[in-house]
Each structure stands twice: as C-alpha cells, then as structure tokens.
Protein chains: 4
Amino acid sequence: MSFNTFGHMFRFTSFGESHGAAIGCVVDGCPPRIPLQAADIQKYLDKRRPGQSRFTTQRQEPDTVKILSGVFFDEASGQQVTTGTPIMLQIDNVDQRSKDYSAIKDKYRPGHAGYVYDVKYGLHDYRGGGRASARETAARVAAGGIARKIVPGLSVRGALVQMGPHQIDRTRWDWNEVDNNPFFCPDPVQAKFFEDYLDGVRKAGSSCGAVIEVVAEGVPAGLGAPVYAKLDGDLAAALMGINAVKGVEIGDGFGVAALSGEDNADEMRMGNDNKPVFLSNHAGGILGGISSGQPVVARFAVKPTSSILTPRKTVDRYGRDTDISTKGRHDPCVGIRAVPIGEAMVACVLADHYLMHRGQVGEGTAWPFKPGA
Amino acid sequence: MSFNTFGHMFRFTSFGESHGAAIGCVVDGCPPRIPLQAADIQKYLDKRRPGQSRFTTQRQEPDTVKILSGVFFDEASGQQVTTGTPIMLQIDNVDQRSKDYSAIKDKYRPGHAGYVYDVKYGLHDYRGGGRASARETAARVAAGGIARKIVPGLSVRGALVQMGPHQIDRTRWDWNEVDNNPFFCPDPVQAKFFEDYLDGVRKAGSSCGAVIEVVAEGVPAGLGAPVYAKLDGDLAAALMGINAVKGVEIGDGFGVAALSGEDNADEMRMGNDNKPVFLSNHAGGILGGISSGQPVVARFAVKPTSSILTPRKTVDRYGRDTDISTKGRHDPCVGIRAVPIGEAMVACVLADHYLMHRGQVGEGTAWPFKPGA
Amino acid sequence: MSFNTFGHMFRFTSFGESHGAAIGCVVDGCPPRIPLQAADIQKYLDKRRPGQSRFTTQRQEPDTVKILSGVFFDEASGQQVTTGTPIMLQIDNVDQRSKDYSAIKDKYRPGHAGYVYDVKYGLHDYRGGGRASARETAARVAAGGIARKIVPGLSVRGALVQMGPHQIDRTRWDWNEVDNNPFFCPDPVQAKFFEDYLDGVRKAGSSCGAVIEVVAEGVPAGLGAPVYAKLDGDLAAALMGINAVKGVEIGDGFGVAALSGEDNADEMRMGNDNKPVFLSNHAGGILGGISSGQPVVARFAVKPTSSILTPRKTVDRYGRDTDISTKGRHDPCVGIRAVPIGEAMVACVLADHYLMHRGQVGEGTAWPFKPGA
Amino acid sequence: MSFNTFGHMFRFTSFGESHGAAIGCVVDGCPPRIPLQAADIQKYLDKRRPGQSRFTTQRQEPDTVKILSGVFFDEASGQQVTTGTPIMLQIDNVDQRSKDYSAIKDKYRPGHAGYVYDVKYGLHDYRGGGRASARETAARVAAGGIARKIVPGLSVRGALVQMGPHQIDRTRWDWNEVDNNPFFCPDPVQAKFFEDYLDGVRKAGSSCGAVIEVVAEGVPAGLGAPVYAKLDGDLAAALMGINAVKGVEIGDGFGVAALSGEDNADEMRMGNDNKPVFLSNHAGGILGGISSGQPVVARFAVKPTSSILTPRKTVDRYGRDTDISTKGRHDPCVGIRAVPIGEAMVACVLADHYLMHRGQVGEGTAWPFKPGA
C-alpha cells in the first residue's frame, strides 16, 4: 500500500473527489478468467449508495459503475471474464451541489480534513470534502465486488452492532435481519429502537457514532505474511483507513486485556475432516498474523459525523477565529454506510493475501502430517 | 510494507528466530549525516530486554546491538554518522534453551502460531516460537532507535494504562513515574497495586493482558498520505502487527461511538505562533489520515501470554487430540515489554511519513495563507 | 513498479486495451500546486498520435486527454493546479476497427504477445493487440507530460538516430531539425533519405527497426538510489518496458566494452559555479547509479513491426500449424512514435527519483565541502 | 525494487560496504521446504570470489557465507530446508586494506561513484568504494544461489562473449569450455587469446571492458507482468544495476534495428509435446514482456575498470583540480567476475516472476485450447 494504491498483489488505485467528474479505481493483479459483469459490482454499490432512507444523506447518486477495461468475452465459458489486466471501474458523480459549500469554503469544519490538507498541500478541494470525502469509499466497495470472487467459498458479511452508546443484544443476532432495516443491524429489536434514536439525532441536527462488525467465513487457514504484512496488520490498516474510523479490533479486541491466559485460550480438538475444531474464537480467526481457518472477526468504531448544525469554534484558512455550522446534506450516522465499506475492505485484504500466499507457497501443504514422514 | 519489510521510505527488513544465531534488521532509506552510535540504539533495547525484574521472562539476553554497515566517520562533524546506505543492526542470541521445547515440539500451544505456521509452510521452528516469537521485536526497537532521530523535535513515549481488568487513574498520570516501576506505568498508585496483582498471576502460573498508550509530541502537521497510506492506517498496521496485539485505537478510539458530533468536535482557535490551538484532542492528532500538529495518541491491547501452567486441550501436528501446559520461561504479562515496542513502531511510522511527505511536498507550505494572495 | 504501476514516489497506474472504451492512467504522488491544464499534456500526446503522416498507422485517434481528478483552482496563483491527490487522465478510444481482427483472431502473429497472453492468462483480447498494444503508451506520454513539470529546469528531448541499418551522421545533429521531419530525426540529410527508404519498406508491406536516443539536460546531480533502484537501472526498466524495445544503453553503452580504462575515464575539472566540469560523457550522466549533473543520455533499440504482409509460419490457439499475414493498419517503423514515448519514460524516471531523493536527503548538501569543516 | 531491496515477491535486501565488517542480504518471500545448505550458495560465491587467477584483484576474500536464519531441520524430508521466513546470508569481510585508500581519500576517481555519493549524501565511505563497490555483488550471487532452486528445471548459465574489442566466434561456443579458462569464455580459441591480451592490459596498468551473455533454459512460458513489471523490463533493471554495466540487450538486442520484419519474425510450428516450436529466437525468449518458453537470452556490457595507473585529471572534495592514479588491488577486466553476477540476477528475476505468476494465475492454463470449448 502506498499513497492511493491498496494491496500487495490484489491492488487497486483509487481516484476522484466528491464533486469532481467521476470517482473510481483501477484494479490490478486480479486473476484471469473470473466471470465479471458490472452487475456483480453494482449490487454492493447499491448497499452503500446514499439517499436510500431518511437516515443517510439525501444526495442522490445512482453510483452506476462502468467497467472500462480488463474484461473480455471468453469463448471457452461463453461469458465475460477478467483478462488478468487492469480493470478500470468508473462511477460518474451526478448530484454535486458545490454551491452548498461556497459559504464555508474558507472555514475549517472541526473533525474534517480541510485544515490538514491545506497545511500539507497548500490548498484543497473544499467541495464536499474533496478527496477526503467518504464518497471515495465507493471505489473501495467496487473493488471489493471483484475481491469477493477471488477466494473460493469466501463469505464476508458486516453488521452494525452499536449506534451512539447503544449496543445490540448479541443473543438476538440474526444475519437475515441485516437487510430488513436501514441500519444493517442484526438485532431486530434494537434496530427498531435505532429508528427513533436516530430520528432524534437527525432532527436535532446532531450526529452519532457507531461500531461495525465484519465476519469473514470460509477463510482458508494459512493466509498472512509475517511479520510486516500480517493478516491482522493489513486488516487494521484497511479498516482504520476508512473515513472516520478511530479504532479496530480483531476477535475479542480490547476485551483481551481483561482476560486470563486460561480464559483467552482457544482450545483445539480434531474435527471430522482432518481439520482441527477450535472450542472458542477469542483470536478472531488470526494467530501470529496468519488465518487459522476460523471465521475472521473484525470490528471498527466510526466517529460521529463532523457536519452538525450547532455552531462550533474554528479558524479560517487565513488564521482568523470564527464559528461554523454545517447545513448541506449529511449522514447523521456515517457508521451505517460504513457496513458495506468494511465488508469490501475485508474482502480486499483476504483476496490480496490469498494471492500472496499462493505465490509464495503454491497449492499449500497437507496437514496433518504423517508421523512416520 | 510487505512480508518482512516495514515502511515506504524509512524501511527496515527484519530477520531471525528466537533460538537462531542472531536476530536483527537492515534499515534502509535513512537520511545521511545523522549522528549514530550503537549506544543510541542500545538504550531502547535495554528497556525491552528480558530478565530485568521478576515480572518478565528470566531468559537472560544482553541484547547487545552491533552496527555492521551504513555508518562512517564524518570529518565535517567529527563523529560517526549515517551514510544514507543500509544500516545493518545485529543482535546475537545468547541464552537459548532449546531443549525446554523438545517435550512439546509436536503439540500446538493454544494462542501460539505453531499450528498456522505448520499449515502455511509445512513446518516451523518450534524452539521458543521461532519466527513468531516476540524476540523479533528487538529488531523493531533497534530500528526505532534510528527512527527517533529523523523527525526534528519528535518525542515518543509509551505507558501501560491497564493490566488485566485494572485501569490506571488518568488524573494521576505522571510521565516521570514511568521509569520508576517495572511496568512503565504512569500512575504510581496503581503501579504499586500491579506488583501484588502480577505476583499473584505469576505464582498461579497464569497470565494477564494489558493496554498500552503511546503519545508522540512534536509531530509536524501534514504527515500522512491519502488514502491507502494514511498515518492512522499505517499506525494501526504497525501496532496490530506487534505480537499478541488484538486492538488499536487512535485518540478516543472506540469511545467515539458513544459521543455526539458536538462533543467529538475538536474546536479550534488561533494560537500565538500562527498555528491553531485545538481545544480538545478526541481525534488523537490525526484528521483525514493526516497529522494535525496535536499530539498523536495511540492505544493497543495485548492479550494474555498464551504460555500458562494450567493444561489446555489441543491437537498435535499429526492430528491427534492431546493436552498441553507450558513450563519454560515466559512473561506473565507480555504487555509490559510491549511499551518500548509500541514506542518504536510509532517512531518508525512517523519517520517514514516524514520522509514521504518531504519527498512529495518538499519543505511544505506557509500556513495561514494570505487573504489577498 | 509492479504489475501496471510505474514508479516509487511519482507513480502512475495505467489501464485500457487498444479497442476498449478508453485508455489512461492514474498519476499518484505528484507534488501539489503545479500548474496543470489538459493542454500541457495534450501537446505531447499530439507528438505520439497516429495518423499524422503516411509513415505511421492510418488509425485516426484524436487522443484527447481529459483530467478527471486531482486538480483544482488555486486562489493564490489564480490558476488550475495539482492538489497532491491522484490525477486521473483518460483518453477515449475512437477509431477502433475490431472487425479487421476477426479473420486472424485465432492465429498468433509471430512477434506479437498473443501466444504468451493465452498461455499465461488462458485468453486475450485479440483486437488490436489488446493490452499488449502500443496504444497503452499514450498513457505513458500523458503521465510524462506531468512528470516534465516536476524537476525544475529539466529538459528531455528524444531523437531517432537509426532507421533499419542506416544511422544518422552525428556531426549534423541539430535539435531544431527534429520537428522538421516526420521521423524526429536530428540529421536533416539522413531524414530526407529516410523518406525514400521508409516508403520502400511501407510499399513492400514490410517493416524496419530503429534506434532512439533520449537526452535529459538539467538533471541535478545526486538522483538515484543504490543499489536496486539505481537511476540507470530504473531507466533501463522503463525503456525496455516500452513495446518492441530489445536493447537499452546509457552513455557509450555497448561501446564501452571496446574502450580502455584511460579512454573511458570522464576526467573532471572545476567549473565556474562551484560545480565540476566533466571533459567527456562516456558515462551518460550516471555514475554508481546516481546522476552526476551531466546530461543523462539513453538509447534504445526498437524491433521492426511484427505486422507484415508476407505470410509467416505460425500456429493457432488450438495448436494447429497455419500461416498468417497482417493487413490492418500498422506503422512500418514503430520506432518513430517511440521517440515521444521514450522521452516520457525518461521524464517519469527522473521525476520519481527527484522526489525519492528529496524524501531521503531533503534539500541536499553543499558541495564542495569546506576543508576545515 | 526500492532502495536496497530487489524484487516483488522473491525479495532480497542487501547491506554492507567494501571495507566494513560484513556484507550480505536478507532473502524474503522464498517458498518453504526448499532444501538449503550453505554449500548450495557457496559454490556460486566461489565463482565470483576474487583472487583466483592473476586476472582478478589479488584481494583474498574467502567469501564464506553463513545462513543466520530462515532454515530448519525438516523431519519429513530429513534435511535442512527453508521455512518461508527471512533467510539471512552473511559474508564477513576479511582482507580489507583500508590504508591503501588514505592517500586518495579526498580525490574522486573518474568513473567511480565517490563524487556523486558526496553530492547526494554529503559524505561517503571511500574505503574500497564503500557501498558502491562491486563487493556488494557477493550478496546478489548469494541470493541467486537460492533463486536457482525455485523454478523447477531452470538452468541459468553465463559466458563472456567479448573482451575489449575482441568478440568470440560463436560457431565455437561450447558451454563445457566456460569452466576451463579464467574468463568464463565458451570459445576455447579466443580464451587462449584473451590470456595474452589481458596480460598486456594488466601489465600496462590499464583495463578493458567486456560483454557477458546469460542464457536461461527451462523458463516456463507465461512469466512476466504487464506492463511495468515486464520480464524484460525487470531483467534490464537487474542487469543494468550491476556495477559498471552500461548496456543491456534481450535476444538480438540492438541488432533488431537493422532487421526487416520478415527476418525478425520467430516463426512457429507445433512440436511434439503440445507446445509450439519457434524456428528462431530473435526475441530472446520474451514477447510482450512475457516469457515464451524459449531460452531467455540477455547480454550486458561492462565498462573498463576505472582504477588505472595512468594519471587522470580530477577534482577533490574541496573543489580543487588535481590528478589521480590508482594503485591498490583491482580487476583489469571486471567483466570476468560479472559472469556469475549476471547469472544470479537473471535467476533472481525469474524466481521472482515465477512466484508472482503463481500468485496471480495459480497453476496456470492448459494450452492449446480445445476448439469446441
């Protein structure tokens, strides 16, 4: 990863600003002969797309993705497939309202990147957050749509597990509920409560944070490259790099500090198919930076949207004290739309490590070993 | 970062196993003409060195670092300096007791990397954890000793803020206390309590987790490269990649989820030296992946040592159910020695981004801007 | 460099096939506040553009470049500048005639990449060479248009110095002549001869090779990173990676083998501005992988176009012997259009190393040193 | 590749100066379970080792390599194998005579890197060329010893094909002769002549250049990653980056310029084992940056050693005109010892691309395709 390029072998380079002509990414290193249509990607973009409920920004972006390169009709399979060359994914920006920003263009919104961009670069595109806008995450979701097709049998699902100070009840977790409410919440009771809660936040012109959990199942054991490209290290970078994220956990996360060694041990027993069964998953599926074959479990915390109605003290780009409040269109809880983004990043990290592992080790080893051997 | 190489511009490649001949790293991309003696590095290694109190492993490793390349006597300054070429740092292993491991060499210790290394690579060096041993972190601390010299005015300090379920009282935080107890704990009252607590854990043959906080002061505003080499993304990778770490936070971390947008806003006012003053630091010094000039604050959670006396269920490399308990020499709380390691990783990330920023932007910009300009 | 991404710090990732919707690249790592209009890039694309004389392919591509991101209006300077974020450069494909290829789609043209793409990827986009087409080089030329603006005072010029077996007379070298003939030839006499020569080749349905020389003036001393990112190593990769190139030389190139150490020595004397003057430039401006301040001189050989009328023996993708001759529209001497491509690659390598050097060393050193210091 | 790290997936990071304590490299990304003893590497180092005939420097370096990490005893195969973790290869420097250099430490030797290192870094280790010394190439040869074991069935052999202005007669090429003379020359007649020729050069205190050819057989078709990590691009970088190299060719190299398209075409016919047979190999085994299955043929030109007895005009580090002649111990023709170095670099590039290809594409495709499929 460097600058605007993600990944070691499954790589994508993203581009675009919130109010520019288009955003997108070039996906490189993708294996050839993977069936790929725009619709395979579009379905994930549709999950992230703004304007789908009163709980997200009312900006109307169809987020229609175009595949401009890297696919071709394969006579052998009779369908469009990847060719192994760069796949260009482009999404036009449609519903920019840049004049919303002219009133505040010289003022820094606390919590936004305007000040640091100005200090670093000497200017910044202030329209809708420019490059620092969460709109860039559409490129990640698009890349994730391809990544999901690379690891055979992989399933990556995300859910909102906390909104503001309110956590879900994990005993009610039902993956089927995630698509039945506008919050990607697996607890139907709490989801109902979140409606009222977030309506209150929204009407007050305020905002709240959230915690998202992503679970990847079907991850083969052995993915991860010691010691500076560990699977958990790369997941942490990928998730912390999502806009507004301030914390990342794997497995029990910060909870491990309070556990004893005895309680934290994920004991093992042999299962039926010559693979071990772990009796618990405190580790979140990763040991020593390498996947264990258990579900990979990651969580991340999203801060409350910085754009709020209540005036805040700030300075402007000319070094003058002032106040600011944000009108525009914004998400009261950006954590909601972070669910498909977190899923995409986890899928990309896993695809990347799947290819790296195959490169270094090939088809892998036959475990368990034979005692005489 | 890739495989065993850390960093974009300030890079180091580490090598070595716990019971091999030596461990160390090659530091590359370091600026020239930085005064450097082995003693500059040794002082940080001495903080991480085992066997210094009854609360860490009794393995006696002097951890003496040798600089085998990349330095030369500079006539202009009359001292040994870096030359801009690779700096080889080597630390001999001295006190291996590999036979401690022969009894358990075929069994996987729950929480250790033995199983995943075997599945990934088809074998692993079981002596003392091999490559997955925390002994590798000596290489990081050594590299960090150089990294600290690169960003002018930078100070990076770490502290243990939680042991087992017991947090410190932040109102008693005193950096001067960190070196007055064997835990790097800034709260002298709680440090006293930790002695008794950890003695109990140790005598029971058990272990406990910890939370470490690292604070970097003097970080210039503007470090960080959107969007896949953000400063917080790289910090998250660097800290999550430390052995036994399961969670990373920047600033308020997971606490941000429960904050309102109003409370989370770090308001700004102009200070005296043409720089803004932030009225709080919920962001932990990083906005949009770029440093804001405030102290960079990171926290990470370390799981309890997996090596415990109480037998745990496991399997062996031949796929047979068995039990295991670990005798050997181990830290009851590896979180303690993680303090200098966390400091080193934060220093390395900051040095790396300092050079990347200088490469792309040069000497930077003059903020605040002139209104007429 | 990896897969489809060029560069360490000044990086670009290219995408697109000859007959796809568009080609282009995402330029990343570019310094901010560099004035940039599409026209700054267009002028170099216009040099490479096909269909400008009877000596290049008659495919009519306007090669109009669009800048889709990474630029913004700078109030301070009153013009559009780079922002430091990714610059997306897109060129639509207009004049594809894919049906030209249907007759030969299953047959491999000797010298083309069709066979190796099929073996590697299991399929390939056969239309116009797909990803292996020299059409991809438009992306390089576009990126080069930005690269040229990064190193202050840099001038990069290329010239065709050999066509088929016919070399130019270097005593007649006149840079002003390069734009006065369709061959970028600095020798006006030989350029005249080339017209007749190439007409003959073209009318015979044959093709010929060429040698191109690129000279970069104003290269600061000190660029290049030992030992696996040497300036000459990166130039060699960049030039050898241009389609149809089979050889690269720096300075005297293969001629050095026949020189004695005495004759090869570029002797030095102090010049007027506290810089040394070299009395010759056998080294081509690079010593030990680092620029010396002399002009950087690189040459590369381009093979004759593989698409010829005379039937050649080949096989098809089903493993059957057959013959092939190519009709379509092709350059009789691809070396001609390689001139602006070679210039672009040299400019990109120099910009990349300029930023890397600035990152590692900063504003550099004051040579000559003071004896007392 | 970046700074002192070679490679994408098969990577090595080298360190060390000519007169420092040691040189060596850390090899990373190597597949596990490859049998590896120091002797496997030593045999290639012995080919490069100085002081073996009167035609190379009389510096006596045993160049004994130690493997400090990354190998372990494998119970399954009963031998020492690679573990998949970093392999540290270290070679102690033994026969430094640093005082040889004190007389000339302030003067730049024309053709050496002293001046550019001083300008770039502000100082340099002048003893024996420091980091710019060809002594660093021992690290490459050591890494190459491992690389040779990665691609199944690969053979990489090099030969000196020109010394000074004198080329070999290719009709007398006999690989068996390469080890029968001190020049790695495959033409026994010319080798005899080279003895007298080089004796004359040596006695005159002069030096001469050379051209080396490296041929890799058993290279699978399909290696190479378009378009900025092409196989030929990476070979060019790897060979041009060897000390004193000024030109690189693949296949017919610069000779292609003079060929017609008809003559340059490597025609194809189906062979016996479902693979095509090429009727010639002008392409040197690489098409479109991807290996074709033919032998990969690369050539590179080595300049005459810069250290000569005849005084040359130069300047010193304080900007004063002066003269210099070099006494010390030097190779009259460094091209000789470049043969095993060139072999090593070619082996490393091929190993690297073998792993990259396996990562992206897996076990590859079944060519030829079935017509009905």
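Below: a short report on this structure. Throughout, a residue's number is its position along its own chain's written sequence, starting from 1. Chains and ligands are labelled by the order in which they are written, letters from A for the one and numbers from 1 for the other. Owing to the predicted nature of the model, reporting of local features is limited to residues with pLDDT of at least 70; listing and counting of side-chain atom pairs is limited to 80 or more, with chain, interface and lining totals taken over all residues. Hydrogens and water molecules were not included; the side-chain quantities draw on all heavy atoms of the structure.

Here we come to the overall build of chain A. Runs of H or I in DSSP of at least four residues are treated as helices and runs of E of at least two as strands, each being numbered from the N terminus. Scanning chain A for helices and strands turns up 7 helices and 18 strands. Taking 21 Å as the expected radius of gyration for a compact globule of 373 residues, we find that chain A reaches 22 Å, a close match to that expectation. Along the first, second and third principal axes, the C-alpha set of chain A runs to 75 × 55 × 40 Å. Classification of residues uses two cut-offs on accessible area relative to the type maximum, computed with a 1.4 Å probe and protein chains only: under 20% is buried, over 50% is exposed, and between them is partly exposed. Counting every position in chain A, which comprises 373 residues, the buried fraction comes to 69%. Any two residues having at least one pair of non-hydrogen atoms within 4.5 Å are treated as being in contact. Counted over contacts in chain A with a minimum sequence separation of 6, partners at least 24 positions apart contribute 70%. In this tally, Asp and Glu contribute negative charge and Lys and Arg positive charge; neither His nor the terminal groups of the chain are included. A charge is said to be at NZ when it belongs to Lys, at CZ for Arg, at CG for Asp and at CD for Glu. Both charge centroids of chain A, one from 42 positive and one from 41 negative side chains, sit 6 Å from each other. Only the C-alpha atoms count toward the radius of gyration. The rule for a globule is 2.2 Å times the residue count to the power 0.38.

Attention shifts here to the relation of the copies chain B and chain A. With an RMSD of 0.0 Å, the operation that places chain B on chain A is a rotation of 180 degrees combined with a shift of 0.0 Å along the axis. In symmetry terms, the pair is related by a two-fold rotation axis. Comparing interface residues between copies, 100% of those in chain B also sit at the interface in chain A, which points to an isologous, same-surface contact. Copy-to-copy superposition: least squares on the C-alpha atoms, limited to residues that have pLDDT of at least 70 in both copies.

Here, a salt bridge means any side-chain nitrogen of Lys or Arg that lies within 4 Å of a carboxyl oxygen of Asp or Glu. Under the definition given, this model contains 108 salt bridges over all chains. Of the charged contacts in the structure, one is a salt bridge between Lys105(D) and Glu75(B), with a shortest N-O distance of 2.5 Å. Of this pair, Lys105(D) sits in the loop between strand S7 (87-92) and helix H2 (114-121) while Glu75(B) is found in the loop between strand S5 (71-74) and strand S6 (79-82), placing the two residues in two different chains. By sharing partners, the salt bridges in this structure join Arg54(A), Lys192(A), Glu195(A), Asp199(A) and Arg202(A) into a single network.

Note: strands within a sheet are paired through backbone hydrogen bonds, in either parallel or antiparallel orientation. Residues and elements named next belong to chain C. Overall, antiparallel pairing links the 5 strands, which are arranged S1-S2-S3-S7-S4 in an open sheet. Of all the strands in the sheet, just strand S1 (5-6) and strand S4 (65-67) have a single pairing partner and so form its edges. Should DSSP find at least two bridges between two strands, the strands are taken to pair. The sheet contact formed by strand S2 (residues 11-15) and strand S3 (residues 22-28) spans 5 bridges and is antiparallel. Note on S3: the bridge partner recorded for serine 14 is cysteine 25. Along the sheet, helix H3 (residues 137-147) contacts S2, S3 and strand S7 (87-92); its crossing angle with S3, the most-contacted strand, is approximately 35 degrees. Whenever a helix is involved, its axis is fitted only over the stretch in contact; in every case the axis is a line through C-alpha atoms, and angles between N-to-C directions fall within 0 to 180 degrees.

Here we take up the interface of chain D and chain B. Listed per partner, the contact involves 46 residues of chain D and 46 residues of chain B. Note on terms: buried area is the combined drop in 1.4 Å-probe accessible area of two parts once they are placed together, counting the loss on both. Note on chain D versus chain B: buried area summed over both sides is about 3,500 Å², and carbon and sulfur give 62% of it. It is Phe72(D), Tyr121(D) and Leu123(D) that lose the most area in chain D upon contact with chain B, and together they represent 18% of the buried surface on that side. Across the contact surface, chain D and chain B share 2 salt bridges. Identification of polar contacts relies on pairs of N or O atoms within 3.5 Å, with a donor-acceptor requirement for protein atoms, meaning one able to donate a hydrogen and the other able to accept it, and with residues adjacent in sequence counted only if both atoms are side-chain atoms. Summed over the shared surface of chain D and chain B, the number is 11 residue pairs in polar contact (both at pLDDT 80 or more). Listed by contribution, the elements that provide at least two residues to the side of chain D that touches chain B are strand S2 (11-15), strand S3 (22-28), strand S5 (71-74), strand S6 (79-82), S7 and H2 of chain D.

Another point: the relation of the copies chain D and chain B. Overlay of chain D on chain B (RMSD 0.0 Å): rotation 180 degrees, translation along the axis 0.0 Å. In this assembly, 100% of the residues forming the interface of chain D have copies in chain B that are likewise at the interface, indicating an isologous arrangement.

Further remarks concern the packing of aromatic side chains. Only Phe, Tyr and Trp rings are paired, with Trp represented by its six-membered ring, and only when their centres lie within 6.5 Å; those with planes under 30 degrees apart are stacked, over 60 edge-to-face, the remainder tilted. Going through the model one piece at a time under the given rule, you end up with 58 aromatic pairs over all chains. Summarising the aromatic geometry, the rings of Tyr115(A) and Phe278(B) are spaced 6.1 Å apart at their centres and angled 65 degrees between planes, so their arrangement reads as edge-to-face. Here Phe278(B) lies in strand S13 (residues 276-278) and Tyr115(A) lies in helix H2 (residues 114-121), a pairing that spans two chains. By relative accessible area, which is 13% here, Phe278(B) ends up buried. With centroids separated by 5.2 Å and ring planes inclined at 75 degrees, the aromatic side chains of Trp173(D) and Trp175(D) adopt a geometry described as edge-to-face. Residue Trp175(D) is classed as partly exposed on the basis of its relative accessible area, which comes to 21%. Members of the aromatic cluster, each reached through a chain of ring pairs, are Phe55(A), Phe183(A), Phe193(A), Phe194(A) and Tyr197(A).

Glancing now at the interface of chain B and chain A. Between chain B and chain A, the contact holds 119 residues from the first and 119 residues from the second. Counting each side, the surface lost to burial between chain B and chain A is near 9,500 Å², with a carbon and sulfur contribution of 62%. By the criterion of area lost to chain A, the three top residues of chain B are Lys120(B), Tyr228(B) and Lys246(B), representing 10% of everything that side buries. Put simply, chain B and chain A have 6 salt bridges between them. Note that Arg269(B) is salt-bridged to Asp321(A), the shortest N-O span being 3.8 Å. Our count for the chain B to chain A interface comes out at 58 residue pairs in polar contact (both at pLDDT 80 or more). Top element by residues in the side of chain B that touches chain A is helix H2 (residues 114-121) of chain B. It accounts for 7 residues. Ten residues, namely Ala, Val, Leu, Ile, Met, Phe, Trp, Tyr, Cys and Pro, are considered nonpolar, four, namely Asp, Glu, Lys and Arg, are considered charged, and the remaining ones, Gly among them, are considered polar. Of the residues belonging to the side of chain B that touches chain A, the class tally is 60 nonpolar, 36 polar and 23 charged.

Within this scheme, the nonpolar core is defined by two criteria: the residues are buried Ala, Val, Leu, Ile, Met, Phe, Trp, Tyr or Cys, and they are joined through side-chain atoms within 4.5 Å. The biggest cluster of nonpolar side chains holds 368 residues, and the ones touching the most others in it are Phe10(A), Phe10(B), Phe10(C) and Phe10(D). When near neighbours in sequence (up to four residues on either side) are disregarded, Phe10(C) contacts Val27(C), Asp28(C), Cys30(C), Ala143(C), Ile146(C), Ala147(C), Ile150(C), Cys348(C), Ala351(C), Asp352(C) and Leu355(C).

Residues and elements named next belong to chain C. In terms of residue burial, strand S8 (residues 155-163) counts as a mostly covered element, since 7 of its 9 residues are buried. Two strands pair when backbone bridges link them, and S8 and strand S10 (residues 210-217) are joined in this way by 8 bridges, in the antiparallel orientation. In the strand pairing of S10, methionine 163 is matched with alanine 210. Strand direction decides the pairing type here: S8 and strand S9 (residues 166-167), joined by 2 bridges, are antiparallel. Each bridged residue has a counterpart across the sheet, and for methionine 163 the counterpart in S9 is histidine 166. As consecutive antiparallel partners, S8 and S9 are separated by 2 residues, and within that stretch glycine 164 has a phi angle of approximately 55 degrees, a positive value.

What follows is about the packing of helix H3 (residues 137-147) of chain B against helix H7 (residues 338-361) of chain B. Residue and element names in this part refer to chain B. Direction vectors running N to C along H3 and H7 enclose 50 degrees, while the axes themselves pass 8 Å from each other. Comparing their axes, H7 and H3 come out oblique. Crossing handedness for the pair H3 and H7: left-handed. Counting all contacts with H3, which are made through Thr137, Arg140, Val141, Ala143, Gly144 and Ala147, the residues of H7 involved are Pro340, Ile341, Ala344, Met345, Ala347, Cys348 and Ala351. Here the residues of the contact of H3 with H7 are counted per class, giving 10 nonpolar, 2 polar and 1 charged. For classification purposes, an angle smaller than 35 degrees is called roughly parallel, one larger than 145 roughly antiparallel, one from 65 to 115 roughly perpendicular, and anything else oblique. By convention the crossing between two helices is left-handed if the near helix lies anticlockwise of the far one by an angle smaller than a right angle, and right-handed if it lies clockwise.

Of the positions making up helix H1 (residues 38-48) of chain A, those classed as buried are Asp40(A), Ile41(A), Gln42(A), Tyr44(A), Leu45(A) and Arg48(A). In this structure, the buried side of H1(A) is in contact with strand S4 (65-67), strand S7 (87-92), helix H3 (137-147) and helix H7 (338-361) of chain A.

Our next topic: the state of the cysteines. Residues and elements named next belong to chain A. We call a pair of cysteine sulfur atoms a disulfide whenever their separation is within 2.5 Å. Scanning the model with the defined rule gives 0 disulfides over all chains in all. Cysteine cysteine 30 is unpaired, with the sulfur of cysteine 348 as its nearest cysteine sulfur at 10 Å. You can call cysteine 30 buried: its relative accessible area is 1%.

The next subject is the side chain of Thr82(C). For Thr82(C), the position within the fold is in strand S6 (residues 79-82). Classification of Thr82(C) as buried rests on a relative accessible area of 1%. Not counting residues up to four positions away in its chain, the partners in contact with Thr82(C) are Leu123(A), Cys30(C), Pro31(C), Pro32(C), Arg33(C), Ile34(C), Leu36(C), Gly70(C), Val71(C) and Ile87(C).

On to unusual backbone geometry. Of note, the bond from Trp367(B) into Pro368(B) is cis; its omega dihedral lies within 30 degrees of zero at 0 degrees. Residue position: Pro368(B) is located in the segment after H7. At the junction of Pro226(C) and Val227(C), the peptide bond is cis and its omega measures out at -10 degrees in the coordinates. At Phe3(B), a position not held by glycine, the phi torsion is positive, near 45 degrees.

A few words now on the packing of helix H1 (residues 38-48) of chain B against H3(B). Residues and elements named next belong to chain B. With their axes 8 Å apart at the nearest point, H1 and H3 run at an angle of 145 degrees to one another. H1 and H3 meet at a crossing whose hand is right-handed. Within the contact between the two elements, H1 uses Ile41, Tyr44, Leu45 and Arg48 and H3 uses Thr137, Ala138, Val141, Ala142, Gly145 and Ile146. Within the contact of H1 with H3, the residues separate by chemical class into 7 nonpolar, 2 polar and 1 charged.

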